[in-house]
Amino acid sequence: MTSPPAPALQVVWFKRDLRTHDHEPLARAAERGPVLPLYVVEPELWQQPDISARHWAFVSQCLDALSADLGRLGQPLLLRHGQVVEVLARIHAARGIAALWSHQETGNGWTFARDRQVGAWCRAQGIPWHELRQDGVTRRLRSRDGWAANWERDMAAAQVCAPALAPLPLADAGRIPTAADLGLAADPCPGRQPGGRPAGLACLDSFLHRRGEPYRAAMSSPLLGFDACSRLSPHLAWGTLSLRETLQACRVRQRTLRDGPVSARGWRQSLSSFDGRLHWRSHFMQKLEDAPSLEFRNLHRAYDGLRPPAESEPARLAAWMHGETGLPFVDACMRALAATGWMNFRMRAMLMAVASYHLWLDWRRPGEHLARLFTDYEPGIHWPQVQMQSGTTGINTVRIYNPVKQGIDQDPAGVFTRRWVPELAPVPDRFLHEPWKWEGADGVLGSRYPAPVVDHLAAARHAREAVWGRRVSSGFRDAAARIQQRHGSRRAGLSVPGRTKRGSPDTRQLSLSLDIGGEDKS
């Protein structure tokens, strides 16, 4: 007597959601039949110019933890290498796929194109693909009106518990490749945060109960921010924690502090600020979801051709990338980022602004370099912020950071700068952020440390005039109003912008994002 055929599989495809808790696709798939948890290592993805070995090092640890969690539920993770469509086709031929489940992904242009290919294959095979929302981001959004209220409803929903899974007879679960296996260049990052859900939970707990009290006051300091900021951004970017569980944990902690003593005021203020940044995280991801092309072209097309391609200034680009611009605080921030994979938002904004305004580099190549360095690279936050800091959105206040003033303001004692730019050891404290003004500069600049690649004050004047020159061009206002209507926040209760001086749209609500843009980047 022959046994009945095994039921077709509910394939759960993990991408940037490397957890089992509060994972709705996993829970819903388990209600329908046997679940095959799948992660596909895609060599082509890992060769994209915005991807690096430090990303893979973090993801590898996340996959280790995810597979262990799935094993405890009953069915470990299946790892396969290659193109997703080919992997799915092999699974379908061998066992049959009843449905494909995943979270929606607001990824880079490569993943956007890949998902379209997967969708076409599923339709051709008659396999339903259930893509569920996460991060409060809405696909095919018609209007931003009501977006904030919908986000709050998403975040208030009950967290989804991990389901029990029936074991499947898998001969080979696959292995996690090394960065070298994927052809990734060596990328030493000694201060990189560890990946995996246990590390994420520990980070969340330490922020909410021990580290977070000075968050609001210390977030802009490159010296204090490494400890005072939540440091949850890589865990949110790669999905070891869900945004919903993070926000709900924050609000539980806020409630316990609400009626506390006056001494808890710092905690209350800091967690309120953190709460707002989680909202703004989704706000920026929605921008890329609504306009994937802004990864590659100016949001406001009046800025097309404003700057030459970065490749035309290879010396300036290389100096900026390697922390050798001759602007000490800028170089310290770049070197710290390279060594740790993280930097607070204000310094990220300054790095991008210096590349775009002072060095007059088109934003794409600098944006790719920063993406490779950020362990928490989240395309939906990264590319809108890159354009925002480069002044090409048409709706945001143009802010050109003075790199010397930033150093004096954020590192007045020079502790951070001296740590990362030890070549400046002979320079007296009062000249540290402007060593070219020191009478002994000739003994350091040009030998131990480079002279500034630009006069930062003159470069800023040129940039300001060039950017504002585009804002008074014909049709600029109407195009900016359309961008604001599609991408602007409604949370502040402001309508489509009116007009302000020099012909710019009113950007009060979005100029705030320099201070509260991506979570943990401020």
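All chains use their own residue numbering, which begins from 1 and follows the written sequence. Predicted model: local features are reported for residues with pLDDT of at least 70 only, side-chain atom pairs are reported and counted for 80 or more only, and whole-chain, interface and lining totals are derived from all residues. The basis for every side-chain value is the complete set of non-hydrogen atoms in the structure, without hydrogens or water.

Engineer: Give a description of the packing of helix α14 (residues 345-358) against helix α17 (residues 403-410) that names residues and reports values.
Structural biologist: Each axis is a line fitted through C-alpha atoms, taken for helices only over the stretch in contact, and angles between the N-to-C directions span 0 to 180 degrees. By definition, any uninterrupted DSSP run of H or I lasting at least four residues is a helix, any uninterrupted run of E lasting at least two residues is a strand, and each is numbered from the N terminus. Their axes nearest at 11 Å, the elements α14 and α17 cross at an angle of 165 degrees. As summarised for this structure, α14 and α17 are arranged roughly antiparallel, according to the angle between their axes. As α14 packs across α17, the resulting crossing turns out to be left-handed. Within the contact between the two elements, α14 uses Arg346, Met347, Met350, Val354 and His358 and α17 uses Pro403, Gln406 and Gln410. In terms of residue class, the contact of α14 with α17 is built from four nonpolar, three polar and one charged. Comment on the angle field: the value is read as roughly parallel under 35 degrees, roughly antiparallel over 145, roughly perpendicular from 65 to 115, and oblique elsewhere. By convention the crossing between two helices is left-handed if the near helix lies anticlockwise of the far one by an angle smaller than a right angle, and right-handed if it lies clockwise. Residue contacts are defined here by distance: any two heavy atoms, one from each residue, within 4.5 Å place the two residues in contact. Amino acids outside the nonpolar list (Ala, Val, Leu, Ile, Met, Phe, Trp, Tyr, Cys, Pro) and the charged list (Asp, Glu, Lys, Arg) are all regarded as polar, and Gly is one of them.

Engineer: Explain α17 to me, using residue names and the numbers behind them.
Structural biologist: For an α-helix, the turn length of 3.6 residues means that residues three or four places apart are oriented alike. The set of residues buried in α17 consists of Pro403, Val404, Gln406, Gly407 and Gln410. Taken end-on, α17 shows its buried residues confined to a sector of 165 degrees, consistent with a single buried face. Tucked inside the fold, the buried residues of α17 contact α13 (328-340), α14 and α19 (456-471). Nitrogen and oxygen atoms within 3.5 Å of one another constitute a polar contact, given that in protein one can donate a hydrogen and the other can accept it, and given that sequence-neighbouring residues count only through two side-chain atoms. For α17, the N-terminal capping position is held by asparagine 402, with its side-chain oxygen 2.9 Å away from the main-chain nitrogen of valine 404. Only protein chains enter the accessibility calculation, which uses a 1.4 Å probe; a residue is then buried when its area is under 20% of its type maximum, exposed when over 50%, and partly exposed in between. Here the arc refers to the set of directions running from the helix axis out to each C-beta atom.

Engineer: Account for helix α12 (residues 314-321), with residues named and values stated.
Structural biologist: Of the residues making up α12, those classed as buried are Leu317, Ala319 and Trp320. Taken around the axis of α12, the buried residues stretch over an arc of 165 degrees, which confines them to a single face. Pointing more than 90 degrees away from the buried face of α12 are the exposed residues Pro314 and Ala315. Lining the buried residues of α12 we find α13, α14 and α15 (364-373). Where α12 terminates, the next one or two residues include glycine 323, which has phi positive at roughly 65 degrees.

Engineer: Outline the sheet that holds strand β4 (residues 97-103), supporting the account with residue identities and numerical values.
Structural biologist: Should DSSP find at least two bridges between two strands, the strands are regarded as paired. Here five strands make up an open sheet; going across it, the order is β3-β2-β1-β4-β5 and the pairing parallel. Lying at the two open borders of the sheet, with one neighbouring strand each, are β3 (78-81) and β5 (129-132). Taking the axes of each pair of neighbouring strands and ignoring which way they run, one obtains an average angle of 30 degrees across the sheet. Bridge count for β4 against β5 is four bridges, and the pairing is parallel. Note on β5: the bridge partner recorded for tryptophan 101 is histidine 130. Packing against the sheet, helix α2 (residues 53-73) makes contact with β2 (35-41) and β3, and its axis sits at approximately 165 degrees to β2. Against the sheet, helix α4 (residues 109-125) contacts β1 (9-13), β4 and β5, and its axis sits at roughly 145 degrees relative to β5.

Engineer: Give me the lowdown on the packing of aromatic side chains, citing residues and values where you can.
Structural biologist: Pairing of aromatic rings covers Phe, Tyr and Trp, the last counted by its six-membered ring, and requires centre-to-centre distances within 6.5 Å; plane angles under 30 degrees mean stacked, over 60 mean edge-to-face, and any other angle means tilted. In this structure the tally under the stated criterion is eleven aromatic pairs. With a centroid separation of 5.4 Å and an interplanar angle of 80 degrees, the aromatic rings of phenylalanine 207 and tyrosine 215 are classed as edge-to-face. Judged by centre distance (5.9 Å) and plane angle (85 degrees), the rings of tyrosine 215 and phenylalanine 274 are edge-to-face. One end of the pair, tyrosine 215, is in helix α7 (residues 215-218); the other, phenylalanine 274, is in helix α11 (residues 265-290), with 59 residues separating them in the sequence. Taking relative accessible area as the criterion, tyrosine 215 reaches 0% and is therefore assigned buried. By definition here, charges over rings are those cases where NZ of Lys or CZ of Arg is within 6 Å of the ring centre and within 35 degrees of the ring normal. Sitting over the ring of tryptophan 267, arginine 253 keeps its end group 4.8 Å from the ring centre.

Engineer: Before we move on, could you go through the packing of α11 against helix α16 (residues 379-390) and cite the residues and values that matter?
Structural biologist: Interhelical geometry of α11 versus α16 gives an angle of 85 degrees and a closest axis separation of 7 Å. Overall, the two elements α11 and α16 adopt an arrangement that is roughly perpendicular. For the pair α11 and α16, contact is made by Arg281, Phe284, Met285, Lys287 and Leu288 and by Pro379, Gly380, Ile381, Pro384, Gln385 and Met388, respectively. A breakdown of the residues in the contact of α11 with α16 according to their chemical character gives seven nonpolar, two polar and two charged.

Engineer: Talk me through the pairing of β3; I want residue IDs and the actual numbers.
Structural biologist: As paired strands, β2 and β3 are joined by four bridges and run parallel to one another. Across the sheet, residue valine 40 finds its bridge partner in β3, namely arginine 80. Read from β2 through α2 to β3, the crossover connection turns out right-handed. Whether a crossover is right-handed depends on one test, that the path from the first strand over the helix to the second runs clockwise when the strands point away from the viewer.

Engineer: I'd like a description of empty space enclosed by the protein, backed by residues and values.
Structural biologist: Put plainly, a pocket is an open set of points on a 1 Å grid over the protein atoms alone with protein on both sides within 12 Å along at least five of seven lines, a cavity is a set where a 1.4 Å probe fits but cannot get out, and a lining residue has an atom within 4 Å of a point. Grid points are joined across faces, edges and corners, and a volume is the space filled by probe spheres set on the points. Counted according to the given criterion, the structure contains five cavities of 30 Å³ or more. Its volume calculated, the largest cavity comes out at about 200 Å³. Lining the largest cavity are 18 residues, and of these Arg16, Leu45, Glu105, Thr111 and Trp238 lie nearest its centre. Elements with a minimum of two residues in the lining of the largest cavity: β2 and α4.

Engineer: Tell me what's going on with the pattern of salt bridges, and back it up with residues and numbers.
Structural biologist: Here a salt bridge means any side-chain nitrogen of Lys or Arg lying within 4 Å of a carboxyl oxygen belonging to Asp or Glu. Overall, the coordinates contain 29 salt bridges when judged by the stated rule. As a salt-bridge pair, aspartate 205 and arginine 210 come within 3.3 Å of each other at their nearest N and O atoms. The exposure class assigned to aspartate 205 is partly exposed, which follows from its relative accessible area of 36%. When its relative accessible area of 57% is taken as the criterion, arginine 210 is described as exposed. For arginine 335, the salt bridge is made with glutamate 423, and the minimal N-O distance between the two is 2.9 Å. Pair noted here: arginine 335 is in helix α13 and glutamate 423 is in the loop between α18 (415-420) and α19, with a separation of 88 residues, a long-range link.

Any functional reading would require information that these geometric values do not contain.
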